[in-house]
Every structure is written in C-alpha cells, then in structure tokens.
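Here is what each chain is made of, one letter per residue.
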Amino acid sequence: MKPILLVEDNPDDELLTLRALKKNHIHNPVVVARDGPEALDVLFGADRSGGIVPAMVLLDLKLPKLSGIEVLREIRRSADTRMTPVVILTSSREEQDLMAGYELGANSYIRKPVDFAQFSEAVRQLGLYWLVLNEPPPESRPT
Amino acid sequence: MTGTRPVGEVLDSPEFFRRILAIADDAVLSVDEDHRIILFNEGAEKIFGWRADEIIGQPLNTLLPQWAGAPHTRHMHAFAAGEAVARPMRGRGIRGRRRDGGEFPAEASISRIDVGGRTVFTAILRDVTAARRIEEDMRRLNADLIDRAVQLENANRELEAFSYSVSHDLRAPLRSISGFAQLLVEDFADTVDDEAKDFLRRIEGASTRMAELIDDLLALSRLTRGDLMPTLVDLSAIAREVVDEIRRADPGRARVTVEIEDGMTAVADSRLMRTAVVNLMDNAWKYTSRNDSARISFTSGMDAEGQRVFTLRDDGAGFDMAYADKLFGAFQRLHGTGEFPGSGIGLATVQRIVHKHGGRVWAEGAVGKGAAFHFTLGEREGE
C-alpha cells in the first residue's frame, strides 16, 4: 500500500490528522514531513536520487523554510510526482493562497475545520475519494 | 459741446493713452538707450512704491535686485542688438525691487520700439507673489497628499498581512483546543464523569464560536477591499429573492408578511447591495421571531434634501434608542446570545457597505415596538 505524505509542522495538527485517518480506517502508512525541505527529501531523496511516490500528499501551506506552495511547485516540476494527487490542507482560505494552489495544479483545497468532528469527516471523505474512488494515474516508473 | 470728433483723432490723442496707462494694474515702464526710466505708470507706482516724479530719470537698476543688475544689463544689450522686438520674460529668476528694498517675483514682457532714430524699451510687469504662493501651497499640498496615499497604502498592506496571519495563526490553536477536548470525551468516556464532559463540550463550543468570530471579522475586512463596481441595481428584486431564500431556510415561520415596494433601483455595487439586504432582512427576520405574526417592509422615500432613503422596517423586539449608536459597531450586541443568536457583525457589515457607497445609515426603534433601518446611497435622484 502506497503511503500518504503528510506535510505538517504543527504537532497538534499532525496528531489530530493521524487520529482522524485512523478513526476513518485509512490504513495507508503515513510519512510525516515537518517542513518544506523535509517534504522534498521524502519525495526526491536527500541526494535527489529518488524518493517515495505517495498515494496522496496532504500539504499544509504555512511551513518553515520552504512554503507549501514552493513544495507544490517542485512536486509538479518532477516527472515522478507531477501526477500525484495533492490536497492542500490548511488554515487559510485567502484568495492569494487559493489562486497559487490551483495555478500550480493542486487537486483539492481543503480548509481545516476548527471542530474536530468536521475535521475528521473531511479527512474521511478525502481518504475515500482519493484513495478508493479515484483511479490513480498510471505508474510513471517501475516501483 | 463743440460737436463730435472722428474716432481716429481720439486714438491719436496722448490723453487717451495716458488714461489707459493709468487704469492698468500692471506696471508699464519705459527706458531710453541709456536704461534711464522715462515712463512710469500708476500701476508701477503701486508695485514698486516709487512715485513717477521720483523715479523718472533714474537708472533701471534701481528697480532690480542688486545681484540682478549686471546680468540684466547684459540681457538688455543682447535684446537691443537682436532681431526680436518683443519678448516675454517668465521664470523664477525674474525679480523686481521695491523702494523699501523688498524683492518680489515678477512676470514681464519687454519690447523694443524704434521711433524717430531713438530706441525705447518698454516693460509690462506684474507682481506674481500671490500666484507663486498659491503654486507653492499647491505643490506642498500635493506632496502631502502623495505622502498620505503612500501611508494609506502601507497601512492597507499591513492590514492585509494582519488578516492573513489572523486567519492562519489564530485558527490553529483553536483546532487543538476543540480537537483534544473532543478526544478526551471519546477516549476517556469511562473515566470522565458527566460534569467533566459538560465542561469539555463547553470548551469545544467556545472554540467553534471563536472560529466563527474570526471568520466573520475576516469576511468584514475582505468585504470592502477592492473597488466598487456600480451598475443599475434592482433592490426590490434582490429583496424578493432574499426573502424567498430566508423562507426556504426557515419554513416554520409562515406567519411573516413581507411587503416590498416595486421598482426600487439604485446605481450601486450589486454584490455588496445584496449582502446589505441579506443582513438587514436576516436581522428583521431574527428579531421578529418572538412575534406570533410579524410584518416586515422594505420601502423608499425622499428626505428634505431630495435624497432617496431606503427603509427596512419590522415590528419585532426593537431596541432602546439610547443605544442606537452602538448598533452598527462590530460585535456590538444589544441582546444576549441566548435571547437572539448572532455574532453582531451584520449591521457593521451593512454600515461598511453603505459608507463605501458614500451613503448614511441610521436606525429608529423602541423596545418591543420594532425597528426601522434607513440608508441612503450617496447619489442624488436622477443621477
């Protein structure tokens, strides 16, 4: 089972997201990256020789060092990950973030609800849609 | 009377020209080849402070600042030798000297007239101190305005950065508060007693409410960012749509009569006007919820200055006029949340929108006797 890459710097949000995934029986392994460079290391390897192509990236925008938008740009630039489903999961719904996210080819943009029940429901629907209903892109390289 | 002389002879008369010279506000003065003053009119007397009989025969340099004497003489020689017979003189360097030594900025034109083998130079000159001061004031005002525009722009940018950071940073801890309170209830259901569960639910509820307040505040700040896009807006049609939506959302409230005057139009931003009408109508709907049956009306009239006034009236809970000025403040509420729910942002939103259109909004009411909200849109009838 391909892993989910969770890019999230807030440990509380990380725990809540992991909780919501577990609660909704999404059993893919989860790799957590806590800032932009860490996310790129996971995806492309620390020496850029190749990393993990996840089933889905859950991407926060406001991150230390490299922002989520910059991470997304790198994801779309690489032949390995350019078709990987990327769901922006963030606090903001500022127009500039929405625009930048969609322009760079984000597949979804979800604003994290404050209420945990709603948050959990959002994660459930995301998992169901992107990991079950949606047909993933064909493999672009042998795994 | 000795009969009428032909007009041609009037034009030949020295008296005629002396009188014309006398009525001119400008200084008219002439010098001979040696730059000695030979003509000095009343206007020149007023401007320079010399009487003609004192100054006639004196060198022209008497009327110039000391520093200007030598260059001026060179200019005169060049002008005398050149082809041109007349030349305007403007610019910062042209200055005159009054009898008391004071200098003033001037505009002048000079001409060279050759008559009977003699050459006479004549200057027509005016004191432009006042005009220069106005120019200076305008330049300063303009510079001030530019400064202020820059400051405003900076303030706006800061405000945007602030709302951006509010929307990101304030929500994250709220999510933790709400999330972990809920997880406590879920994970420790057996060990947490009912009172503790109630407290945890209150924590959750409060964080959810605070998140809504943050959202409302951000929406309010975002609302009036950007330019107005005025078109001819049919307020009656908007109001009817809004009432339909409210009725659909709250079908239990059948006994509300809504009257909307036909054909109320205005030149305004239609998106913002819809938001304003939604807020006013919601407000009326909410504050009549305790009535057995309610009446809401949306009408227009003309005030004493001929300005169109729109009025949304209800016969609901009303308010105490003593607090009328607090109605439009963000998060100001005259009723407890338990009594009528809401964040207190609706009327603040209406006020922002009306002000953005250059209009006024005010309210009338009495406790238990309903409320009326009036607004104008800052445009005169027929415009």
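Definitions and limits used
Residue positions are counted from 1 within each chain, in the order its sequence is given. Chain A is the first chain written and ligand 1 is the first ligand written, with later ones labelled in order. In view of the model being predicted, local features appear only for residues whose pLDDT reaches at least 70, and side-chain atom pairs are presented and counted only at 80 or more, with totals across whole chains, interfaces and linings using the full set of residues. In computing side-chain values, all of the structure's heavy atoms are included and hydrogens and water are not. For the purposes of this entry, the term helix denotes a DSSP run of H or I that reaches at least four residues, the term strand denotes a run of E that reaches at least two, and both are numbered from the N terminus. Based on C-alpha atoms, the radius of gyration is set beside the globule rule, defined as 2.2 Å times the residue count to the power 0.38. Relative accessibility thresholds used throughout: buried, under 20% of the residue-type maximum; exposed, over 50%; partly exposed, between the two (1.4 Å probe, protein chains only). Two residues qualify as a contact provided that any one of their heavy atoms is within 4.5 Å of a heavy atom in the partner residue. All accessibility values rest on the Shrake-Rupley procedure with a 1.4 Å probe; residue burial counts only the protein chains present in the view. Positive: Lys, Arg. Negative: Asp, Glu. His and the chain ends are not part of the count. For this purpose, a charge sits on NZ of Lys, CZ of Arg, CG of Asp or CD of Glu. Only strands that DSSP links by at least two bridges are regarded as paired with each other. We define buried area as the total accessible area lost by two parts upon association, computed with a 1.4 Å probe and summed across both. Salt bridge criterion: a side-chain nitrogen from Lys or Arg within 4 Å of a carboxyl oxygen from Asp or Glu. Definition of a polar contact: a pair of N or O atoms within 3.5 Å, with one able to donate and the other able to accept a hydrogen when the atoms are protein atoms, and with sequence-neighbouring residues admitted only if both atoms are side-chain atoms. Residues are grouped as follows: Ala, Val, Leu, Ile, Met, Phe, Trp, Tyr, Cys and Pro are nonpolar; Asp, Glu, Lys and Arg are charged; every other residue, Gly included, is polar. Here the nonpolar core consists of buried residues drawn from Ala, Val, Leu, Ile, Met, Phe, Trp, Tyr and Cys, with membership extended through side-chain atoms lying within 4.5 Å. To define axes, lines are fitted to C-alpha atoms, for helices over the stretch in contact only, and angles between the resulting N-to-C directions are given on a 0 to 180 degree scale. Segmentation into domains, and thus their bounds, comes from an automatic or database assignment.

**Looking at the overall build of chain B**
Part 1 of the argument: Each helix and strand in chain B was counted, giving 10 helices and 13 strands.
Part 2 of the argument: Expected size for 383 residues packed as a compact globule is a radius of gyration near 21 Å; at 39 Å, chain B overshoots this value by more than 25%.
Part 3 of the argument: Expressed as a percentage of its 383 residues, the buried residues of chain B come to 38%.
Part 4 of the argument: Sequence separation of 24 or more characterises 59% of the internal contacts of chain B that already satisfy a separation of 6 or more.
Part 5 of the argument: Element-wise, carbon and sulfur atoms account for 55% of the exposed surface of chain B, whose accessible area totals about 22400 Å².
Part 6 of the argument: On chain B, the mean spot of the 50 positive side-chain charges and the mean spot of the 61 negative ones are 4 Å from each other.

**Focus: the pairing of strand β13 (residues 371–375) of chain B**
Residues and elements named next belong to chain B.
Part 1 of the argument: For β13, the tally of buried residues reaches five of five residues, placing the bulk of the element in the interior.
Part 2 of the argument: Burial along β13 is two-sided: the residues A371, F373 and F375 and A372 and H374 are all buried.
Part 3 of the argument: Judged from the five bridges that link them, strand β11 (residues 308–314) and β13 form a sheet pairing that is antiparallel. Looking at the pairing, T311 lines up with H374 of β13.
Part 4 of the argument: Two strands pair when backbone bridges link them, and strand β12 (residues 361–365) and β13 are joined in this way by five bridges, in the antiparallel orientation. Within β13, the position partnered with W362 by the bridge is H374.
Part 5 of the argument: Hairpin remark: β12 followed by β13, antiparallel, with five residues in the connecting loop; positive phi at G368, about 80°.

**So, the interface of chain B and chain A**
Interfaces are often described in size by the accessible area the parts lose on coming together.
Part 1 of the argument: Counting residues at the interface gives 24 residues for chain B and 22 residues for chain A.
Part 2 of the argument: For the pair chain B and chain A, the summed buried area comes to about 2100 Å², and 47% of that belongs to carbon and sulfur atoms.
Part 3 of the argument: Our count for the contact surface shared by chain B and chain A stands at five salt bridges.
Part 4 of the argument: Ionic pairing is found between E186(B) and K23(A), a salt bridge with its closest N-O pair at 3.0 Å.
Part 5 of the argument: Linking chain B to chain A there are nine residue pairs in polar contact (both at pLDDT 80 or more).
Part 6 of the argument: Listed by contribution, the elements that provide at least two residues to the side of chain B that touches chain A are α6 (129–187) and α7 (194–223) of chain B.
Part 7 of the argument: Residue contributions to the side of chain B that touches chain A peak at 17 residues, all from α6(B).
Part 8 of the argument: Here the side of chain B that touches chain A is composed, by residue class, of six nonpolar, nine polar and nine charged.

**As for the nonpolar core**
All names here are of chain B.
Part 1 of the argument: Among the nonpolar cores identified, the biggest contains 43 residues, and L235, M273, M281, F298, F310, F373 and F375 are the most heavily contacted of them.
Part 2 of the argument: Counting residues per element, this core draws most heavily on helix α9 (residues 270–287), at eight residues.
Part 3 of the argument: Setting aside residues up to four positions removed in sequence, L235 forms contacts with M264, T265, A266, M273, V277, F298 and F310.
Part 4 of the argument: The next biggest cluster of nonpolar side chains, apart from the first, holds 24 residues, and it includes V31, L60, L63 and F121.

**Digging into the sheet that holds strand β5 (residues 108–111) of chain A**
Across a sheet, paired strands are connected by hydrogen bonds in the backbone, their directions being either parallel or antiparallel.
All names here are of chain A.
Part 1 of the argument: Sheet architecture is open: five strands sit in the order β2-β1-β3-β4-β5, paired in parallel fashion. Edge strands, defined here as strands with exactly one partner in the open sheet, are β2 (30–33) and β5. Along the sheet, successive strands turn relative to each other by an average axial angle of 20°, direction set aside.
Part 2 of the argument: Relative to strand β4 (residues 86–90), strand β3 (residues 56–59) is paired through three bridges, and the arrangement is parallel. Bridging from a neighbouring strand, L58 pairs with V87 of β4.

**Looking at the domain arrangement of chain B**
All names here are of chain B.
Part 1 of the argument: Split by domain assignment, chain B resolves into domain 1 (7–127), domain 2 (133–223) and domain 3 (230–375).
Part 2 of the argument: Taking only C-alpha atoms, the centre of domain 2 and the centre of domain 3 are 26 Å apart.
Part 3 of the argument: Each partner contributes residues to the interface: domain 2 has six residues there, and domain 3 has 11 residues.
Part 4 of the argument: Both sides of the domain 2 and domain 3 interface together cover about 710 Å² of buried area, and 77% of this is carbon and sulfur.
Part 5 of the argument: Applying the counting criterion to the domain 2 and domain 3 interface returns zero salt bridges.
Part 6 of the argument: On the surface where domain 2 and domain 3 come into contact, there are zero residue pairs in polar contact (both at pLDDT 80 or more).

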